[in-house]
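Okay, here's what each chain looks like letter by letter:
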Amino acid sequence: MIPETVPKEDVFLASAEFCKTSHVSSFDKYKELYMKSIENPGEFWGGVAKDFFWKTKHCGDFLSYNFDVTKGEIFTKFMEGATTNICYNLLDRNVHEKNLGNKVAFFWEGNEPGDALTITYRELLQKVCQFANVLKTQGVKKGDRVSIYMPMVVELVVAMLACARIGAVHSIVFAGFSAESLCERIMDSECSLLITADGFYRGDKLINLKLLADDALQKCKDKGFAVSRCIVLKHLSKGAEEGSQSPPAKRSCPDLQDNLTGRVKKRRPVPQVPWNPEVDQCWHTLVKGASDQCEPEWCDSEDPLFILYTSGSTGKPKGVLHTVSGYMLYTATTFRLVFDYQPDDVYWCTADIGWITGHSYITYGPLANGATSVLFEGLPTYPDVGRMWEIVDKYRVTKFYTAPTAIRLLMKYGSEPVKKHKRDSLKVLGTVGEPINPEAWQWYYSVVGEKRCPIVDTFWQTETGGHVLTPLPAATPMKPGSATFPFFGVLPAILNESGEELEGPSEGYLVFKQPWPGIMRTVYGNQMRFETTYFKKFPGYYVTGDGCKRDKDGYYWITGRIDDMLNVSGHLLSTAEVESALVEHECVAEAAVVGRPHPVKGESLYCFVTLSEGVSFSGGLESELRNLVREKIGAIATPDYIQNAPGLPKTRSGKIMRRVLRKIACGERELGDISTLADSSVVEQLFQNRCCTA
Ligand code: PRX
């Protein structure tokens, strides 16, 4: 439970000035609200719900659930029977009831400095309504799944909210995923329509997204699943002749000078856009004729809102399903309290909308609060390593949310590029995605925030929908590297291997004992997998898959995944998924993948491959394997190390001892007990073949 008191020494505190205006201004206040949220969740969340628009009120229990597989089906229901529309609450309510029509919803900042635009709540509402009407004319109905594969542009937000407006279920696939991954996700969720773009730049690199999308659709077709419609946003080739078979010629426009920054904005060649008139339709043409009025579809609280795929330990990604009202209440509340949102804030989350962080804390949470956000298409190091801080100054960002991997990357360049920029607008800093090492925390705190800004280290998952362990910036004394305490409504426990709850300082499995509104409802199309993955090991608990320590002061410290999952740059990857990509190569007989600590990415991918008879290991084969994994999964899964492994350490029953492989990957000779190995001589051989550099 929450400790009575928290330490006053060896912790970091927000300034008294900051606390004065904060929503939750002290630890005592946090404790009081927390107890209410746990003892009477219905009353607590019912209070939050009052701020939202409901077409019809809920009837019956505010919350019902079962977390115990021995008692029947696992389910969570919040406000069942109430009807609402999340898009209405994010846009119409803000424009019409809160008078925020002229407030900026997004400052879009493109990959190229100087490429920028601003969109207000009213403009966003118009665009969403127009596009919702487009979707309707394309035959999309309530409950239909729509796949979205787009760069970080305003139209991505428009597409997702247009789906939500008509009750369609969006399934966004991160634009860094491969055609194969997109195909797998489209087929799993049986999407009837794909929304994509011609392409985009990541730094200097052109990503020809349409080619990848076409490839994915062809793959779907080959597997017997035809997606008949694809809407293409011309992000780079806007204005180019549309609908023609021949793509616009590559052209190079003169560079432009940006009025605001004085910087020269490079004009780059536009991508080749193959066009299939039977399937492809141009976004701009469709929108031109569409009305900007669109009555929302009133949805039940427990109707599906979106599917988002996350890696699963079997290798096949899981379609995590979130529903309308619980997700809305939870993302809105966590956003407001964890970032201590104030109406004049300019908030910036650097994640991509293709991940849950972008769903919850770029689109849904901020818009539900009527916040102004920065939406950034580019990279933290392009055109130089000062880009983040330049943007912070340009828009006077007050709340900034990023990943430890980005902090460690920028830390490598020292404090000079940071100090060149003022950053005096910053008030709260946040991190997400993986444990932050205390050294990176200190750098973030002292150099970026100049010891003025509390840091919220937010622990959560695609499955949790929003923050579950996190400091509240004014209330929680911070310890670098600890996600501190549970958010409202969240009841954590630490279990040992036998499923017993551990009290006081302890270490074990991190689980949750009761649902909060934002928890996932099922794995799309596979309730059995949902129950097996999260509820079977310890009946009565949601199992996160993370290890966790509780210290003497009651603080929670995430120790990392305890399943076969890797966290590379804050992105979860399953070892099985990478292994099955590797063994698709005809020269590979077997593969085993483990994580090796990496100073910037957190973990890197270390792959052991056993080659087929008669094949020899070479640099050429290594790069073929790297390319194969990129092609199958995407660039985020590119192996860092590939080692020739004539044999793998296996038990007599044939199970690979990954614990031994992890030690070999790190060059650690202390292997622990290896008496169960069938052939211990492979270990020495593997040490000799070790890759020392990536
Ligand atoms: O291992 C935990 C780690 O990221 C996992 C969830 O990954 P994903 O579903 O992709 O969502 C990432 C963004 C929410 C968790 O199981 N993780 C996330 N945040 C933290 C973290 N580990 C430690 N500290 C965090 N703050």
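Residues numbered from 1 in each chain as written. Predicted model: local features only at pLDDT ≥ 70, side-chain atom pairs only at ≥ 80, totals over all residues. Heavy atoms only, no water.

(A) Quick look at the overall build of the protein chain. From N to C terminus, the protein chain includes 20 helices and 32 strands. Relative to its length of 694 residues, the protein chain is compact, with a C-alpha radius of gyration of 25 Å against a globular reference of 26 Å. Along the three orthogonal principal directions, the C-alpha set of the protein chain runs to about 70 × 70 × 55 Å. For the protein chain, contacts bridging at least 24 residues in sequence account for 73% of all contacts bridging at least 6. Just so you have it, the protein chain exposes about 26,600 Å², and 50% of that area is on carbon and sulfur atoms. Each charge class in the protein chain can be summarised by its mean position, and for the 78 positive and 84 negative side chains these summaries are 3 Å apart. (Helix = DSSP H or I, 4+ residues; strand = E, 2+ residues; numbered from the N terminus. Rg over C-alpha atoms; globule rule 2.2 N^0.38 Å. Contact = heavy atoms within 4.5 Å. Areas by Shrake-Rupley, 256 points an atom, 1.4 Å probe, with all protein chains shown as cover. Lys, Arg positive; Asp, Glu negative; His and termini not counted. Charge placed at Lys NZ, Arg CZ, Asp CG, Glu CD.)

(B) View of the confidence of the model for the protein chain. The predicted model of the protein chain averages 93 in pLDDT, with 96% of residues at 70 or higher. Confidence drops under pLDDT 50 across residues 241-254; counting only partners more than four residues distant or on other chains, this segment forms 26 contacts. For the stretch residues 256-261, pLDDT sits under 50, and the model shows 12 contacts to residues farther than four places along the chain or on other chains. (pLDDT = per-residue confidence, 0-100.)

(C) Seen up close, the environment of Ser612. Assignment of secondary structure puts Ser612 in the loop between strand 31 (602-611) and helix 18 (619-632). For Ser612, a relative accessible area of 22% translates into the label partly exposed. Beyond its immediate chain neighbours, meaning those up to four positions away, Ser612 contacts Glu586, Cys587, Val588 and Ala589. (Buried < 20%, exposed > 50% of the residue type's maximum accessible area, 1.4 Å probe, protein only.)

(D) Local environment of the site of the ligand. Around the ligand, the structure places 18 residues, and the nearest of them are Asp457, Thr458, Thr462, Asp546 and Arg561. Note that an oxygen atom of the ligand is positioned 2.9 Å from one of the side-chain N or O atoms of Gln461. A total of 550 Å² of accessible area belongs to the ligand in isolation, and the protein chains cover 96% of it. Looking at the shell around the ligand, the elements that each hand over two or more residues are helix 11 (356-368), strand 22 (455-458) and strand 27 (556-561). Split into classes, the residues belonging to the shell around the ligand amount to seven nonpolar, six polar and five charged. (Near = heavy atom within 4 Å. Polar contact = N/O pair within 3.5 Å; in protein donor to acceptor, adjacent residues only side chain to side chain. Nonpolar A, V, L, I, M, F, W, Y, C, P; charged D, E, K, R; others polar.)

(E) Representation of unusual backbone geometry in the model. Each neighbour pair has its own omega, and for Tyr382 with Pro383 the value is -5°, a cis peptide bond. Inspection of the secondary structure assignment puts Pro383 in the loop between strand 19 (372-376) and helix 12 (387-395). The phi dihedral of Glu450 is positive, around 45°, even though this residue is not glycine. Within the secondary structure, Glu450 sits in the loop between helix 15 (438-448) and strand 22. Phi at Ser569 takes a positive value of approximately 50°, unusual for a residue other than glycine. Residue placement: Ser569 occurs in the loop between strand 28 (565-568) and strand 29 (571-574).

(F) Focus on the packing of helix 4 (residues 86-97) against helix 5 (residues 121-137). Their axes nearest at 9 Å, the elements helix 4 and helix 5 cross at an angle of 135°. Taken together, the axis directions place helix 4 and helix 5 in an arrangement best described as oblique. Viewed along their axes, helix 4 and helix 5 form a crossing whose handedness is left-handed. Two secondary-structure elements touch here, helix 4 through Cys87, Leu90, Leu91, Asp92, Asn94, Val95 and His96 and helix 5 through Tyr121, Arg122, Leu124, Leu125 and Val128. (Axes fitted to C-alpha atoms, helices over the stretch in contact; angles between N-to-C directions. Parallel < 35°, antiparallel > 145°, perpendicular 65-115°, else oblique. Left-handed = near helix turned anticlockwise from the far one by under 90°.)

(G) View of the pattern of salt bridges. For the coordinates displayed, the defined rule picks out 38 salt bridges. Salt-bridge contacts for Glu109 lead to Arg387; the nearest nitrogen and oxygen are separated by 2.9 Å. Highlighted residues: Glu109 in strand 4 (residues 104-109) and Arg387 in helix 12, separated in sequence by 278 residues. The pair formed by Glu109 and Arg387 is uniform in burial state, with each residue classed as buried. Asp215 is the salt-bridge partner of Lys219, the closest N and O atoms lying 3.3 Å from each other. Residue Lys219 and its partner Asp215 are both found in helix 8 (residues 209-222); the two are separated by four residues, about one turn of the helix. In this structure Asp215 comes out as partly exposed when scored by relative accessible area, which is 34%. Through salt bridges with shared partners, a single network forms among Lys479, Asp551, Lys552 and Asp553. (Salt bridge = Lys/Arg side-chain N within 4 Å of Asp/Glu carboxyl O.)

(H) Quick peek at the pairing of strand 26 (residues 542-550). Summarising burial for strand 26: eight of the nine residues are buried, a large majority. In terms of strand pairing, strand 24 (residues 506-512) meets strand 26 through six bridges, oriented antiparallel. Of the residues in strand 26, the one forming a bridge with Glu507 is Lys549. Inspection of the sheet shows strand 26 paired to strand 27 by five bridges, in the antiparallel sense. Among the inter-strand pairings, Cys548 is bridged to a residue of strand 27, identified as Ile558. Counting the residues between successive antiparallel strands, the hairpin from strand 26 to strand 27 contains five residues, one of them, Gly554, with a positive phi of roughly 85°. (Pairing = 2+ DSSP bridges.)

(I) Spatial organisation of the sheet that holds strand 23 (residues 492-495). Strand order in the open sheet made by the four strands is 23-24-26-27, with antiparallel pairing throughout. Strands with a single pairing partner mark the edges of an open sheet, and in this sheet they are strand 23 and strand 27. Ignoring strand direction, the axes of neighbouring strands in this sheet form an average angle of 45°.

(J) Representation of the environment of Asp115 in the model. Tracing the backbone through its elements, the reader meets Asp115 in the loop between strand 4 and strand 5 (116-120). Look at Asp115 and you get partly exposed, because its relative accessible area is 24%.

(K) Molecular detail of the side chain of Thr575. Within the secondary structure, Thr575 is located in helix 17 (residues 575-582). Since its relative accessible area comes to 5%, Thr575 is described here as buried. Residues within four places of Thr575 in sequence aside, it is in contact with Asp564, Leu566, Val593 and Arg658.

(L) Layout of the nonpolar core. Within the largest apolar cluster, 178 residues are counted, with the highest numbers of intra-cluster contacts made by Phe131 and Ile195. The leading source of residues in this core is helix 6 (residues 154-165), at 10 residues. Not counting the four nearest positions on each side in its chain, Ile195 is found in contact with Phe131, Leu135, Val146, Ser147, Ile148, Tyr149, Met150, Ala159, Ile231 and Trp283. Counting 31 residues, the second largest nonpolar core, distinct from the first, contains Phe107, Val346, Ala440 and Met478. (Core = buried A, V, L, I, M, F, W, Y, C linked by side-chain atoms within 4.5 Å.)

(M) Quick look at the sheet that holds strand 21 (residues 428-432). The seven strands are arranged 5-4-19-18-20-21-22 in an open sheet whose pairing can be described as mixed. The sheet is open, and its two borders are formed by strand 5 and strand 22, each paired with just one other strand. Averaged over neighbouring strand pairs, the angle between their axes works out to 20° when direction is ignored. As judged from the three bridges shared by strand 18 (residues 346-349) and strand 19, these two strands associate in the parallel manner. Directly across from Val346, in strand 19, lies its bridge partner Thr372. Running at roughly 165° to strand 18, helix 11 makes contact with strand 4, strand 18, strand 19, strand 20 (399-402) and strand 21 of the sheet. Helix 15 contacts strand 20, strand 21 and strand 22 of the sheet and is inclined by roughly 155° relative to strand 21.

(N) Fine view of the pairing of strand 18. Here strand 18 shows a buried face lined by Val346 and Trp348 and a second buried face lined by Tyr347 and Cys349. Regarding topology, helix 11 serves as the crossover connection from strand 18 to the parallel strand 19, and that connection is right-handed. As judged from the three bridges shared by strand 18 and strand 20, these two strands associate in the parallel manner. The partner of Cys349 across the bridge, within strand 20, is Tyr401. (Right-handed = clockwise from strand over helix to strand, strands pointing away.)

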